[in-house]
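Overview (structure and organization)
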Amino acid sequence: MESDRVPKIISFVCNWCSYDELGSDDDTKVIRVMCGGRVDPVEVFRALKGGADGVFVAGCPEDGCRYIEGNKKMMGRMERVSRALEYLGLDGRLRVIKATPNDAVKLPEMMNVFRERLKKLGQSQLKNGEF
Amino acid sequence: MGVVMHLDEIIRLCYQCGACTGICPMRRVSLFSPRDSILNSRGGDMDPGSVAVDTAPCLTCYQCAAECPQGIDFPEYVLASRCAGDDSLVTCAVHGTVLHEIQEIMASADKGIPKEFAGETDDGSDIAYYPGCIDYLNLFYDDVGVDYHAIGDASVNLLNKMGVKPRILDMKCCGHDALYQGDKNLFERLSAYNTKRVKNSGIKTIVVSCAECYMMFKKHYELENVNVLHISEFLDPDKLEIKTESDGGIVTYHDPCRLGRYCGVYDAPRKLIKYAGAEFVDMKHNREKAVCCGVSAWLNCNDCTKALRAMRLDEAKKIGAETMITACTKCLTHFNCLKNEIENNGVYDMKIEDFTVFIANKVGAGK
Ligand code: SF4
Ligand code: SF4
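The notes below deal with the structure included here. On a predicted model such as this, the values are computed, not experimentally measured, just so you know.

Quick word on the overall build of chain A
Helix and strand counts for chain A stand at three helices and four strands. Sequence-ordered secondary structure for chain A, helices as α and strands as β, is β-β-α-β-α-β-α. Seen through its C-alpha atoms, chain A measures out along the principal axes to roughly 45 × 30 × 20 Å. Split into buried and exposed, the 131 residues of chain A put 47% on the buried side. Intrachain contacts of chain A at a sequence separation of at least 6 include 68% that bridge at least 24 residues. Carbon and sulfur atoms form 45% of the exposed surface of chain A, whose accessible area is close to 6,800 Å². Here chain A carries 22 positive and 20 negative side-chain charges, and the mean point of each set is 5 Å from the other.

What about the pattern of salt bridges?
One side chain can pair with another of opposite charge once the charged atoms of both are near each other. Tallied over the entire structure, the rule returns 27 salt bridges over all chains. Between Glu-101 of chain B and Arg-46 of chain A there is a salt bridge, with the nearest N and O atoms lying 2.9 Å from each other. Highlighted residues: Glu-101 of chain B in helix H8 (residues 98–108) and Arg-46 of chain A in helix H1 (residues 41–49), drawn from two different chains. The class of Glu-101 of chain B is buried, set by a relative accessible area of 4%.

Focus on the interface of chain B and chain A
In this assembly, 20 residues from chain B lie in contact with 16 residues from chain A. Its largest share of buried area at the contact with chain A, chain B owes to Glu-101, Ile-105 and Leu-139 of chain B, together 39% of the area lost on that side. Here chain B and chain A share five residue pairs in polar contact (both at pLDDT 80 or more) between them. Elements represented by at least two residues in the side of chain B that touches chain A include exactly H8 and helix H9 (134–140) of chain B. Grouping the amino acids of the side of chain B that touches chain A by side-chain chemistry returns nine nonpolar, five polar and six charged.

Cut-offs and rules
- Residues numbered from 1 in each chain as written.
- Chains lettered and ligands numbered in written order.
- Predicted model: local features only at pLDDT ≥ 70, side-chain atom pairs only at ≥ 80, totals over all residues.
- Heavy atoms only, no water.
- Helix = DSSP H or I, 4+ residues; strand = E, 2+ residues; numbered from the N terminus.
- Buried < 20%, exposed > 50% of the residue type's maximum accessible area, 1.4 Å probe, protein only.
- Contact = heavy atoms within 4.5 Å.
- Areas by Shrake-Rupley, 256 points an atom, 1.4 Å probe, with all protein chains shown as cover.
- Lys, Arg positive; Asp, Glu negative; His and termini not counted.
- Charge placed at Lys NZ, Arg CZ, Asp CG, Glu CD.
- Salt bridge = Lys/Arg side-chain N within 4 Å of Asp/Glu carboxyl O.
- Buried area = accessible area lost by both parts, 1.4 Å probe.
- Polar contact = N/O pair within 3.5 Å; in protein donor to acceptor, adjacent residues only side chain to side chain.
- Nonpolar A, V, L, I, M, F, W, Y, C, P; charged D, E, K, R; others polar.

Next up, the structure:
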């Protein structure tokens, strides 16, 4: 079912490590958060429900969080979300990255890999993605 | 949907005696009054949406309905107004509505409720087990210290002990929370899917371990020719070999409103708990008079209803209960949440356990 359609991605990225490297376009929306720990599971579900094909979340690695342990919270929450997505048959539609400001240059590349993976998964059937 | 009375009919029938407000648990802790809500909607200038807002504190616990001399089903009135209004109460739900989002996704996704549990299952069986949302609760409510998944394990193991290998159908959430939050559309999508699944599967009996799912299948679904049973009704003490341990201290049982007042299941769980060798004592308010845990469909978790939970746990403490059993995952969540609060550290040192888990441990069918 592969087509030329570019997958719609919503990404929540931490201001301190990743935001500068990623830009929004028609198919990818980058939402700046002050910390990966700010991303509530509800927001990931809402993005998918609203028609996104995938959700990309980026925050700082261990010991790199400006808010002591926001990144740990991010990992804990996103693990639960990905388990829930597995239960719902939506595995692979969430990508969580831990990046230091130094390796953040690789982020556009990682986003591309994720985009390719979503292409293979096909369009999300939750809602015809328009945003 | 099982709306039995129209709003106008209720408004006409009520003669403002106040018996409902007298019994209402919310009245003990707030100024909410079902009598007043009916009075407020008189004169026809209140649309269902405003009625829904006015009656938002109602726990739909069903205590008042039994008292009303006019036979008015106030919780039904609340439900009807929530469903008829433009705006559902979804946004008032606690925990950032996370379960509601999952249920919405579930309604359109391919998969719904996970089916992996301990014990043996058989896809050819005509007896099904429906676990409900326990695995999702495990993901997002683990901080209350309850292992929800164990309820499913215990249920399948107990059914195995009865000589039954149940089938676990690919089903979705029963839609209880969606309906009682007023999201009728979501409820209808979920129930249409589930009803079709059940009918096409040729299942004759569905065994349910959660009070809410049980009530939904009984009252809000049309599953003709399918027998819906709560696990306490299905289990036969004579077939379960109880490895009696009388060490557990006093055990009590909290009747969930969905199982008790809504469906009249009072004796079956008590019988099994007693049979399991426990020293069983009822709390002051029991059976029809059992007080609600204070939160239904994730609405109204606040200081007022917290007082209700504390009163209920105090009742259990008063009779010296070491274990309080309940058969509803939500009651389990809300009581454990209160018990584990920092300011309650050590105040309630009883165990609050699910019915199936308790029985399974007694018959050696636990994890
Ligand atoms: S008990 Fe019945 S008749 Fe009396 S005020 Fe309440 S709803 Fe009205
Ligand atoms: S259903 Fe319960 S909370 Fe609601 S009005 Fe009746 S007694 Fe009060």
